[in-house]
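Survey of secondary and tertiary structure
Now for the letters of each chain:
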Amino acid sequence: MASAADSYPKKILEYMEGFFVSKTVFTACELGVFDVLLGAQRPLSAAEVSQAVGASLDGTQRLLAACTGLELLEAHQDDGQVLYSNTEQASVYLTRSNPSSLFQSIQYNSKTIYLCWHYLTDAVREGTNQYEKAFGVSSKDLFRALYRSDEEMVKFMQMMNSIWNICGRDVVTAFDLSPFKVICDLGGCSGALAKQCTSAYPECTVMIFDLPKVVHTSKKHFMSEADQRISFCQGDFFKDSLPEADLYLLARVLHDWTDDHCIELLSRVYKACKPGGAVLLVEALLREDGSGPLTVQLYSLNMLVQTEGRERTPAQYAALLAAAGFTRVRHRLTGKLYDAVLGHKEP
């Protein structure tokens, strides 16, 4: 029997070079490879793609070959020439124009998260985020930079939007929310999750509570006449009075913050919540023993690198909710990126 030292370390090699995959996808998206192939409506040669994206022929050939190996492109032989076309998933999720596109999320991963992760060792040693080393500014200053112009804010909101197009329905239907007629989405950003609520529950109305500039941009770029059951309220949920509601949504919010800040925010929500109301947390849940899922473990490292927060177990979220006064806490796993935790305020 071969010893561990003599065996082929397949997993370790895959992990060691895992960033090759990420950066290949990031680069193909940034150059617009998938957009060019979608727009052509026919398979293209490497020469045609390289000319369209303004890249070298040699580099483009290698990039297209790698994307084919990743099963994002399909290669076709035509009279001795190799032609390329998108797979269905690439056309849906990697092009700019599709409503389900992850393009802005990929850009954020490439230009922000990827740079922060260069300092993961420092983050682990120091226990603090690494924005200042990565960008020369604090995390708060970088967040303001994301919102420095209408264009930058729209891109950031499109990034936040894309994830709820994929798994928003699952989190708002993890529990039956039909008894709650008035919903307040704290930090609701573009309104994507609010739209999932009004679609799933025709009797409800949703108020999005967010910073004034976010509210302005959401109204201008993300709302239509069809969204009549969605309204807005401007404010800072740590400082300003919260609107009264039957149910509050906190989606991808608490994982940004320390336990003390979470309890502070949840206590404000409890005070504003109507008796018999509830709060729904939408977060990626760790197993109680911390053994997985791997994606959530990696997300928690990402919170270390980028924020002051962390990913948590259902019991840890239940403890935060209990400290704020909520009872009858339950959680549901969706099988996708994000899960749901529901806590009640007694009548």
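Residues numbered from 1 in each chain as written. Predicted model: local features only at pLDDT ≥ 70, side-chain atom pairs only at ≥ 80, totals over all residues. Heavy atoms only, no water.

1. Quick look at the pattern of salt bridges
One side chain can pair with another of opposite charge once the charged atoms of both are near each other. The final tally for this structure, using the stated rule, is 12 salt bridges. Across the salt bridge formed by Lys-336 and Asp-170, the nearest N and O atoms sit 3.1 Å from each other. Placement of the pair is Lys-336 in the loop between strand 9 (327-332) and strand 10 (339-344) and Asp-170 in helix 11 (residues 150-172), with a sequence separation of 166 residues. Asp-246 is the partner of Lys-274 in a salt bridge, and the nearest nitrogen-oxygen pair spans 3.6 Å. Note that Lys-274 is positioned in strand 8 (residues 273-283) and Asp-246 in strand 7 (residues 245-251), a separation of 28 residues in sequence. A single salt-bridge network, built from bridges that share partners, covers Asp-122, Glu-126 and Lys-133. (Salt bridge = Lys/Arg side-chain N within 4 Å of Asp/Glu carboxyl O. Helix = DSSP H or I, 4+ residues; strand = E, 2+ residues; numbered from the N terminus.)

2. Observations concerning the UniProt feature "active site" (unreviewed entry) in the chain
As annotated in UniProt, the feature "active site" (unreviewed entry) corresponds to His-255 in the numbering used here. Relative to the elements of secondary structure, His-255 occurs in the loop between strand 7 and helix 14 (259-272). In this structure, His-255 is in contact with Glu-283, Met-303, Thr-307, Gly-309, Arg-310, Glu-311, Arg-312 and Tyr-317, ignoring residues within four places of it in sequence. A polar contact of 3.4 Å, which involves the side chain of His-255, links it to the backbone oxygen of Arg-252. (UniProt positions renumbered as here; feature names shortened; annotations may be inferred. Contact = heavy atoms within 4.5 Å. Polar contact = N/O pair within 3.5 Å; in protein donor to acceptor, adjacent residues only side chain to side chain.)

3. Comments concerning the sheet that holds strand 2 (residues 73-78)
Sheet architecture is open: 3 strands sit in the order 1-3-2, paired in antiparallel fashion. Both outer strands of the open sheet, strand 1 (44-45) and strand 2, are each paired with one neighbouring strand and no more. Examined bridge by bridge, strand 1 and strand 3 (residues 81-86) share 2 bridges and lie antiparallel to one another. Pairing of Ser-45 across the sheet is with Leu-83, part of strand 3. Helix 3 (residues 33-40) rests against strand 1, strand 2 and strand 3 of the sheet, and its axis sits at about 95 degrees to strand 3. (Pairing = 2+ DSSP bridges. Axes fitted to C-alpha atoms, helices over the stretch in contact; angles between N-to-C directions.)

4. Details of the domain arrangement of the chain
Taken domain by domain, the chain comprises domain 1 (17-94) and domain 2 (102-345). Counting each side, the surface lost to burial between domain 1 and domain 2 is near 840 Å², with a carbon and sulfur contribution of 66%. The largest share of the area that domain 1 buries against domain 2 comes from Phe-26, Glu-30 and Tyr-93, three residues that together contribute 57% of it. Where domain 1 meets domain 2, there are 1 salt bridge. A salt bridge links Lys-111 to Glu-30; the nearest nitrogen and oxygen atoms lie 3.4 Å apart. Summed over the shared surface of domain 1 and domain 2, the number is 3 residue pairs in polar contact (both at pLDDT 80 or more). With 6 residues, helix 2 (residues 18-31) is the largest single contributor of residues to the side of domain 1 that touches domain 2. Residues of the side of domain 1 that touches domain 2, tallied by class, amount to 6 nonpolar, no polar and 2 charged. (Domains from an automatic or database assignment. Buried area = accessible area lost by both parts, 1.4 Å probe. Nonpolar A, V, L, I, M, F, W, Y, C, P; charged D, E, K, R; others polar.)

5. Looking at the sheet that holds strand 8
Strand order in the open sheet formed by 7 strands is 6-5-4-7-8-10-9, with mixed pairing between adjacent strands. Of all strands in the sheet, those with a lone pairing partner are strand 6 (230-234) and strand 9, marking the two edges. On average, adjacent strands in this sheet sit at an angle of 20 degrees to one another, irrespective of strand direction. Where strand 4 (residues 182-186) meets strand 5 (residues 205-210), 5 bridges bridge the pair, whose relative direction is parallel. Bridge pairing links Leu-186 to Phe-209 in strand 5. Packed onto the sheet, helix 11 meets strand 7, strand 8 and strand 10 and runs at close to 140 degrees relative to strand 8. In the packing of helix 14 onto the sheet, the strands contacted are strand 4, strand 7 and strand 8, and the crossing angle to strand 8 comes to about 145 degrees.

6. Quick look at the packing of helix 3 against helix 4 (residues 46-53)
Put simply, helix 3 and helix 4 touch, their axes get as near as 10 Å, and they point 115 degrees apart. Between helix 3 and helix 4, the interaxial angle falls into the category roughly perpendicular. Handedness of the helix 3/helix 4 crossing: right-handed. Residue-level contacts link Val-33, Val-36 and Leu-37 of helix 3 to Val-49, Ala-52 and Val-53 of helix 4. (Parallel < 35°, antiparallel > 145°, perpendicular 65-115°, else oblique. Left-handed = near helix turned anticlockwise from the far one by under 90°.)

7. Thoughts on the state of the cysteines
Under the criterion given, the structure shown has 0 disulfides. Looking at the unpaired Cys-116, the closest cysteine sulfur is the one in Cys-189, lying at 19 Å. The exposure class of Cys-116 is buried, given its relative accessible area of 0%. (Disulfide = S-S within 2.5 Å. Buried < 20%, exposed > 50% of the residue type's maximum accessible area, 1.4 Å probe, protein only.)

8. What about the side chain of Glu-311?
In this structure, Glu-311 sits in the loop between helix 15 (294-306) and helix 16 (314-324). Within the structure, Glu-311 has its side chain in polar contact with the side chain of His-255 (distance 3.0 Å). Glu-311 has contacts with His-255, Glu-283, Ala-284, Leu-286, Val-296, Tyr-299, Ser-300, Met-303, Gln-316 and Tyr-317, leaving out every residue within four places of it along the chain.

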